[in-house]
Amino acid sequence: MKNTQAYYDEIKKKFAEERDLRLKYRPNGTAQFTSDFTGALAKYAVDPYGTEISPREPINDTVECLFIGGGFSALLTSARLRERGVESIRIVERGADVGGTWYWNRYPGVACDVVSYDYLPLLDEMDYVPKDHYAKGQEILAHCQSIARKYQLYELAVFQTTVTSTVWNEEEELWHLTTDRGDHMKARFVICANGTLSKPKLARIEGLDTFEGKSFHTSQWDYEYTGDDLSNLADKVVGIIGTGATAVQAVPDLGASTKELYVFQRTPSSIDIREDWPTDPNWARRLKPGWQAKRRELALKGPSLTERMATRGGSSGEESREEKIRRQENANIDYMMRIHRRIEKEVKDPETADALKPWYMFMCKRPCFHNDYLPTYNRPNVHLVDTRGKGITEITAKGPLFDGKQYELDLLIYATGFEVQKTGIYNQIVGKGGLDLNDKYSEGVRTLLGVHSRGYPNLFIMGGYQASFQFNLTYILQMQGDHIAECIAHARKHGHKTIDATPESEEWWVQEVIANRGKTTRNEDCTPGYYNFEGENQRRQDGNYNGGVTRYLDHMSNVRANMTENFVFT
Ligand code: NDP
């Protein structure tokens, strides 16, 4: 039987109430978090995987292309640069190896929710077929290392090094970079490849620094403490704050290994089925060269995850804009109610099941896929502490305090996420006329395609705002990498020393971004989270380009086809 509109309106009302409740609890928006890990929080800035820092002399040389960050952005762009004959490529990376997100995130259960054959870049070039439908973190990290080896990126790479300033030298037409290891490097082209979600953040919880037990952020998992197989946790009481995509993957292993596990929840994630399987060797054998490129091309032609949701509910011919929105919203609600039913089926205790139900539209928060997360709550040692939108606001020497109850913990794990799409984390970027990029952006982000920003010649941004966004992030990164490699190749071919966006092309793009944002009230309607700046609603041009991936790619090609109109060269 078809649900009535009154049924959907009632659920929408509940969505709005749940959102308002959460907004009330966090009036300070994105400022509720801190990523300033100094002083008492310095222990959250350690690298548990590369504890030995190899001594070396400071570097004072000049390279042609320098990547800040050694994750997928750097690796896949470097591959394209090598294909175009660029020899002098340096990666400067904070971790002790390449891999970026996959270097840092080694928490138990770490894997990627995007199908591996789409997510892992350069599969054609590397002649590699992933082992499973969804790749695990270890395999992805190993793939990153293989790319670095194949394209000889280790030769000039510098690890355990953080770029602290990147300053344009007008006379030399070179970027001057300093680091925390006393280096003074110069580069013709600089690519900000620092990742979209790379700087861990903690909620500013009162008493955070007073906790006397062990604590760490999920991206700095201390296996020395937990044991490689988590066996050291068998007699430990453990708490985890946060229930986003990271916690959803870590909780099942923690539940199976700890004496007691407390999961502190502010907003539940939506958890759908994860259909995983080992790669069929016969299928893999039959793949023809170029299979991944073809697969990605096909995927682009098909509807995106959001579009698939949007077309559910079947349009009945002519419909007005309002009817279309209502149909899409109702289909979205149907999907979310299916997620609710799945919880009721998987979680035995009705109170816990109820608390795990997400009350917001699909894609308001990053959707999750897991088969073991929900059943983990059936274990007698696993306890959901639902803070009903408030979150943990106080931590004492013993552990979190909520509703007057003290949770005494041996280990407290923060699964509280990362700074989002910041360009120049850890690093001050100063362009022409001594203008700090943060000052330029103070009234809103200003770029061309999310990649170039006027006044910062030869600087390219990857994974930043004003670019298109896709669930399969590496696809967008590859498109940006291809674009950047072509821009650099164009400048080299024509003997140009610099390439910079024109004022007109930058202004065109900013307006294009604004025109494609705020067409619906979707962002405001959503429960707060990092997708909508935690409910801050005045940031019109700071988000991603919402005109669609295909149009973004078309814009990119058009910009490249009209280089002299869009860029100033010297
Ligand atoms: P998120 O930012 O998604 O989640 C942070 C969590 O911390 C939220 O549940 C948030 O609640 C909660 N939180 C914050 N403050 C408090 C508090 N005071 N008390 C209680 N809870 C609190 O971070 P993740 O690391 O989980 O994920 C980040 C992103 O990384 C994902 O969205 C995804 O893009 C990517 N990722 C991808 C994976 C994959 O492919 N499978 C796996 C892991 C991560 P609230 O929702 O209320 O804000």
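Structure first, text after, so check above.
Residues numbered from 1 in each chain as written. Predicted model: local features only at pLDDT ≥ 70, side-chain atom pairs only at ≥ 80, totals over all residues. Heavy atoms only, no water.

How should I be thinking about the sheet that holds strand β9 (residues 237–241) in this particular structure?
Sheet strands pair via backbone hydrogen bonds, and the direction of the pair is either parallel or antiparallel. With parallel pairing, the 5 strands of this open sheet are ordered in space as β8-β17-β9-β10-β13. Both edges of this open sheet fall to β8 (214–217) and β13 (382–386), since each of them pairs with a single strand only. Each neighbouring strand pair of the sheet contributes to a mean axis angle of 15°, computed without reference to strand direction. In terms of strand pairing, β8 meets strand β17 (residues 411–414) through 4 bridges, oriented parallel. Residue pairing in the sheet places lysine 214 in a bridge with leucine 411 of β17. Each of β9, β10 (260–265), β13 and β17 touches helix α8 (residues 245–257); the most contacted strand, β10, lies at about 160° to it. (Pairing = 2+ DSSP bridges. Helix = DSSP H or I, 4+ residues; strand = E, 2+ residues; numbered from the N terminus. Axes fitted to C-alpha atoms, helices over the stretch in contact; angles between N-to-C directions. Contact = heavy atoms within 4.5 Å.)

Explain the site of the ligand here, please?
Close contacts around the ligand come from 27 residues, with Arg26, Thr246, Thr267, Lys365 and Tyr530 the closest. Within the side chain of lysine 365, one N or O atom sits 2.7 Å away from an oxygen atom of the ligand. At 2.9 Å from a nitrogen atom of the ligand is found a main-chain nitrogen or oxygen belonging to isoleucine 392. Protein coverage of the free-state accessible area of the ligand, which is 920 Å², stands at 89%. The element contributing the most residues to the shell around the ligand is α8, with 3 residues. Class assignment of the residues belonging to the shell around the ligand gives a composition of 13 nonpolar, 9 polar and 5 charged. (Near = heavy atom within 4 Å. Polar contact = N/O pair within 3.5 Å; in protein donor to acceptor, adjacent residues only side chain to side chain. Areas by Shrake-Rupley, 256 points an atom, 1.4 Å probe, with all protein chains shown as cover. Nonpolar A, V, L, I, M, F, W, Y, C, P; charged D, E, K, R; others polar.)

Looking at this structure, I do not really get the packing of aromatic side chains. What am I missing?
Aromatic ring pairs are described here by two measures, namely the spacing of the ring centres and the angle between the planes. Taken as a whole and judged by the stated rule, the model has 29 aromatic pairs. Pairing tyrosine 49 with tyrosine 103 gives two aromatic rings, centres 5.7 Å apart and planes at 85°, and the pair type is edge-to-face. Separated by 54 residues along the polypeptide, tyrosine 49 in the loop between β1 (33–34) and β2 (62–68) and tyrosine 103 in helix α3 (residues 101–104) bring together distant segments of the chain. Between tyrosine 117 and tryptophan 291, the aromatic rings sit 6.5 Å apart at their centres with planes inclined by 65°, giving edge-to-face as the arrangement. Here tryptophan 291 lies in helix α10 (residues 291–301) and tyrosine 117 lies in helix α4 (residues 116–119), a separation of 174 residues in the sequence. The class of tryptophan 291 is buried, set by a relative accessible area of 13%. Every member of this aromatic cluster is reached through a ring pair, and the members are Trp508, Trp509, Tyr545 and Tyr552. Over the aromatic face of tyrosine 25 sits the side chain of lysine 24, whose NZ or CZ is 4.9 Å from the ring centroid. In this arrangement the basic side chain of arginine 106 is found over the ring face of tyrosine 103, its NZ or CZ atom lying 4.7 Å from the centre. (Phe/Tyr/Trp six-rings, centres within 6.5 Å; stacked < 30°, edge-to-face > 60°. Buried < 20%, exposed > 50% of the residue type's maximum accessible area, 1.4 Å probe, protein only. Lys NZ or Arg CZ within 6 Å of the ring centre and 35° of its normal.)

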